[in-house]
Each structure stands twice: as C-alpha cells, then as structure tokens.
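# Coordinate inspection notes
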Amino acid sequence: MYSLKSLFTILFFPFLLLSISAHRYTHRARAPCKEMVFFFHDIVYNGENYKNATSAIVGAPEWGNRTIMSSPNNFGDMIVFDDPITLDNNLHSPPIGRAQGMYFYDQKDTFSSWLGFSFVFNNTDYKGSLNFAGHDPLMNKTRDISVIGGTGDFFMTRGIATLSTDAFEGSVYFRLRVHVKLYECWKLL
Amino acid sequence: MYSLKSLFTILFFPFLLLSISAHRYTHRARAPCKEMVFFFHDIVYNGENYKNATSAIVGAPEWGNRTIMSSPNNFGDMIVFDDPITLDNNLHSPPIGRAQGMYFYDQKDTFSSWLGFSFVFNNTDYKGSLNFAGHDPLMNKTRDISVIGGTGDFFMTRGIATLSTDAFEGSVYFRLRVHVKLYECWKLL
Amino acid sequence: MYSLKSLFTILFFPFLLLSISAHRYTHRARAPCKEMVFFFHDIVYNGENYKNATSAIVGAPEWGNRTIMSSPNNFGDMIVFDDPITLDNNLHSPPIGRAQGMYFYDQKDTFSSWLGFSFVFNNTDYKGSLNFAGHDPLMNKTRDISVIGGTGDFFMTRGIATLSTDAFEGSVYFRLRVHVKLYECWKLL
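What counts, and where the lines are drawn
- Residues numbered from 1 in each chain as written.
- Chains lettered and ligands numbered in written order.
- Predicted model: local features only at pLDDT ≥ 70, side-chain atom pairs only at ≥ 80, totals over all residues.
- Heavy atoms only, no water.
- UniProt positions renumbered as here; feature names shortened; annotations may be inferred.
- Helix = DSSP H or I, 4+ residues; strand = E, 2+ residues; numbered from the N terminus.
- Disulfide = S-S within 2.5 Å.
- Buried < 20%, exposed > 50% of the residue type's maximum accessible area, 1.4 Å probe, protein only.
- Core = buried A, V, L, I, M, F, W, Y, C linked by side-chain atoms within 4.5 Å.
- Contact = heavy atoms within 4.5 Å.
- Polar contact = N/O pair within 3.5 Å; in protein donor to acceptor, adjacent residues only side chain to side chain.

With an unreviewed UniProt entry as reference, chain A is termed Dirigent protein, source organism Solanum pennellii. The UniProt entry for chain A carries the following text under Sequence similarities (unreviewed entry): "Belongs to the plant dirigent protein family." If you open the UniProt record of chain A and go to Subunit (unreviewed entry), you find "Homodimer."

Next up on the list: unusual backbone geometry. Look at the link from A:Ser71 to A:Pro72: it is a cis peptide, with omega at 0 degrees. Structurally, A:Pro72 is set in the loop between strand E3 (55–59) and strand E4 (78–86). Here the phi dihedral of C:Asn74 falls at roughly 60 degrees; this positive angle occurs in a residue that is not glycine. By the secondary structure assignment, C:Asn74 is in the loop between strand E3 (55–59) and strand E4 (78–86).

All names here are of chain A. A complete count under the given rule lists three disulfides over all chains for this structure. Across the disulfide from Cys 33 sits Cys 185; the S-S distance is 2.1 Å. Taking the torsion about the sulfur-sulfur bond, which here is approximately 90 degrees, the covalent link between Cys 33 and Cys 185 counts as right-handed. Of this pair, Cys 33 sits in the loop between strand E1 (27–29) and strand E2 (34–43) while Cys 185 sits in the loop between strand E10 (173–184) and strand E11 (186–188), and the two are 152 residues apart along the sequence. According to the relative accessible area criterion, Cys 33 is partly exposed, its value standing at 24%.

A separate point is the nonpolar core. Residues A:Met78, A:Met102, B:Met78, B:Met102, C:Met78 and C:Met102 are the most contacted members of the largest nonpolar core, which totals 36 residues. Not counting residues within four places of it along the chain, the set of residues in contact with C:Met78 comprises A:Met78, B:Val58, B:Met78, B:Val80, B:Met102, C:Ala56, C:Ile57, C:Val58, C:Gly59, C:Met102, C:Tyr103 and C:Phe104. Among the nonpolar cores identified, the runner-up in size contains 32 residues, and C:Phe40, C:Ile96, C:Tyr105 and C:Ala161 belong to it.

Residue and element names in this part refer to chain C. Assignment of secondary structure puts His 41 in strand E2 (residues 34–43). In terms of polar contacts, His 41 uses its side chain to reach the side chain of Thr 86, at 2.8 Å. Look past the residues within four positions of His 41 in its chain and what remains in contact with it is Thr 54, Asp 83, Pro 84, Thr 86, Asp 88, Asn 89, Asn 90, Leu 91, Tyr 173, Phe 174 and Arg 175.

All names here are of chain B. By the element assignment, Arg 143 lies in strand E8 (residues 143–152). Owing to a relative accessible area of 4%, Arg 143 belongs among the buried residues under this scheme. Here Thr 165 takes part through its side chain, which lies 2.8 Å from a polar atom of the side chain of Arg 143. Those residues in contact with Arg 143 that sit more than four places away from it in its chain are Asp 136, Pro 137, Leu 138, Ala 161, Thr 162, Leu 163, Ser 164, Thr 165 and Leu 176.

What follows is the structure in structure tokens.
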C-alpha cells in the first residue's frame, strides 16, 4: 500500500520533469489545426492600366523606374499590392477578401522575392486577418512562407503557407495559389 | 490493490494522450499575460517641416512624390518613421521609448495601411523591444495587428495590439493609441 | 485504500489545473533548442560597383538619392539585399546560403535600422529558411532581433538572433555576425 506522500511524489514527478524540460523538447505537428486554399491575383501598374491595376512599383534601384520592372530579374523593385482573393482560379470570381501588403525582388541572378502582407477577410465564413512574411523563390514549383500571426477568427495563429504560381502573364499579371496550413490555433475565451 | 505496473500505466496514459494530441488542440486564452497602453505620434515630412518631422515618405507610385501623399487614398506611399512613445495623449509628454519602422498605404478605394515596426524601450520600467506586423484599416474605430516577437523584457513574446486613431490632423500629424495585449510570455532563466 | 474514483480525481486534478492556467503562466526557457553562428556580407551599390554590389538603395526621402546614403544618419534610406552567408568572417569563403530581404534606416539622430529578411539554405546541412524581423540599433555592440518563423528544416521555429557588426568599411561594405538562438523548435511528423 502506498502512502499518500509517496503517491503524490509519483503523481507529480512527471509534472516536474515536464516543467523542467518543457522548452527543450521539440513540438511535434501531425496535421494542421486548420487548412484553407485561396487564390490571389496581381495586376501590376505599367503606366497605362491604372484602372485595372491592383499593385504599383513604389521603390526601385537607381537603374530602374516605376512603370517597367528593372533588369535583370527585377532586382530591387518594391511593389505595394491590393489584390482580390478568390476561392478558385478565376480573376472574375467574387472576391472573398483582399491580399494587401508588399513584395520586392531580392535576388540578382534569378527571380526571387520577399513578401510581407495580410489576407483580410470580412464575410460570413471568415472575419479577421492572417499575417504573412517570408522568402518566395518564385521559379520553384512550390515554396513555403510563414504565417506569423493573425487577428479575429485567426487570433494568434501561426503556420505555413505553400505558394505556387498558378498563372504568369508577362510582367503584368500573375496569380498565386496559397495553401494555408495553420499548426498553432488559439481561441480567446 | 493496484500493481506498480498498472499504476504507472494509469499515471502515464494521460501523458501519452497529451503528447499525441498536443498540437491538434486549440490553445485557449483567457486573459493576457501582460497588458500595456501607449500612444505614439507621427509628424510626416511635407517639404517644409524637416526639424519637427518624425517620418518621411521614402517610396511612392509613379503618380506620387515624396512631399505630398499620393491621390487617391495615399495608395503606394511608403513612410519610414521614428516616433516618440508617450504614456498619455500629449505630444509633449516625456517620451518613454521610440516607435520605429515603416507603414505603407495599400488600398486603392479607402485609407488603409500595413505596418512593420518596433517599440523600443530603454528605461527603468522596460528594456527591450516589441516587434509588430499587420494590416491597419485606419478608418475603423479599432483594429488589431500582431505582436510577432520581442527582445529583452519582451523576450519571445507574442500577442495582439489594438490600434485606435486618437487624433488626425490633415495629412501631417496623427496619434495612435496602442493597447498591447500579450498572450504568450516567456522568461529566459 | 483509494477508490478508483478518488484515484482518478487525484490523477486528473493537476491536468484540470494545467489546462485552466495554461496560458496565464510564463514559458521558461533554459537554453535554445538549436544554436548556430553565421556571417553575412553586404556591399551597397554606389553608382560604380554594380558587379560586386549585393544590395541597392530602392527608397530614400526627398532629400536623398539612390547612390549615396542620405544625411544625416541615412534616415529613410531603404535597401534591398541579396547577401552571401558564410561560416567564418571571410567574404570569399564558400557561401552556405543567402541572406535576402530589406533594411531601412529609421532614426534621425543616430544610425539605427529595421530589418525584414530571410536566411535561405539549400545544402546538405540545412534546407529551408529562417525569417527575421526587428529593430537593429547598429551602434550597439550587440542587439537582438526576432526569428518570427521558418520553413523546411526550420519549420515553425521561433527565437532570437543576436547581431554584432564584425566589420564596417565606409558606407559600402559591412559584415554582420548572427548568433541564431531558437527556443521553439518543431518537427512535422
């Protein structure tokens, strides 16, 4: 028969272990706590398409300008965007939110960019925003960026978004497929 | 009477469950682990106020320039700022830190911006920095952005900051109230 | 002798406590789950060094330009970079990855900057990216920024990077030592 004292020692010993090791062990993720797929559509301003354009070059290196991507590889061009998000790959589908933020081209010898932006939703399915940051080597078939936070329905979330270029037409239109995989979900009680 | 073996099975069974499910369940937040309210003050350079200005336009679309916000809705203007943080809404109160970073206007049909910046503290109350990123639809009474990390006293923290525009005077001065709510607090032992 | 019921109450009571308090308590970090030291090398384009330059000014305030840092303190200058990462402090060592992103100078009365960038690896030791954001008061001997996420081998990671300026030659070349300390490590099963 165990004494109350030894039972408590046995009972709490694992907690002691747990609290000591808590932040040395590696979190294991088996599957996302939430998954979603979206598309967004970017039409870059080229000097002649103001009405349809959803983005504009706002910074460029000394050898570039703000209506034509700089050469080579757009290096140094910085673009601010306000792009519609759709559930399928049709630019004219009803937008369910906006992708708003910036990207800039950050590699001299190939096309590659860095993204800082948000997905903004205000509909019956989703209310709130997802914030993204990361490196997008856009010549790769798929590439991952970080979901660094969120608000509203996406309060405090973290995860990964897998990007793929669904269409690319010259330097003016492209469409990205975004597979959002959240591995840290929160609920505000 | 339980055998030692069965007792251990019973004892560790919940841990097994816990470790398997650990990253499928949703974190529940009842209240912030830390809350603070600050104000910061932004005076945009307009070509004539260099001495008092705390920020400057550094990027703009082709139709804009660096002394007047672009029309319509400032879309594409990118601003770097070095703003005083105060504890009340008085621009002339002693600053307790600096808000340093950038914002840019990212919506064509209304005023909206995206922020990437830090709060930097070096006083007796706080030493360290808080890093923020997110979407700021500034026509809304309140809006949330993400606290994506921190250093010093705010080591590894995460949370939400609720912004409200406390004053807005033309396109040169504005003051934001920032209610910081940290839900993930860390201590480096 | 304890009844099965009371035993279960005892067994699960700590879990109840744990789940209620889970997000009020402070995470304690004893040591990083992963540590690495890297160097990266930045050669700013100055109008004459296109071939060797690894970065370029892409935004500047009205009083600045894109080949010379603005005065005073480079305030408002925004730089996009594509810098080699090495394991030692030799610019000519074989690069083991690229540091790609941006920084901008964000203080009027001293040299200070804000960074948003990634470390990108694709070699036998590391495959994946680390994403960084934060305030870099570069006149300090050391300063901390946030690791806000990662992909590949660095899936979902978070931590701190301690920066120190290892060399600074005029306004064209500098080398940063980066001590990456990850406190949140994840594994995708």
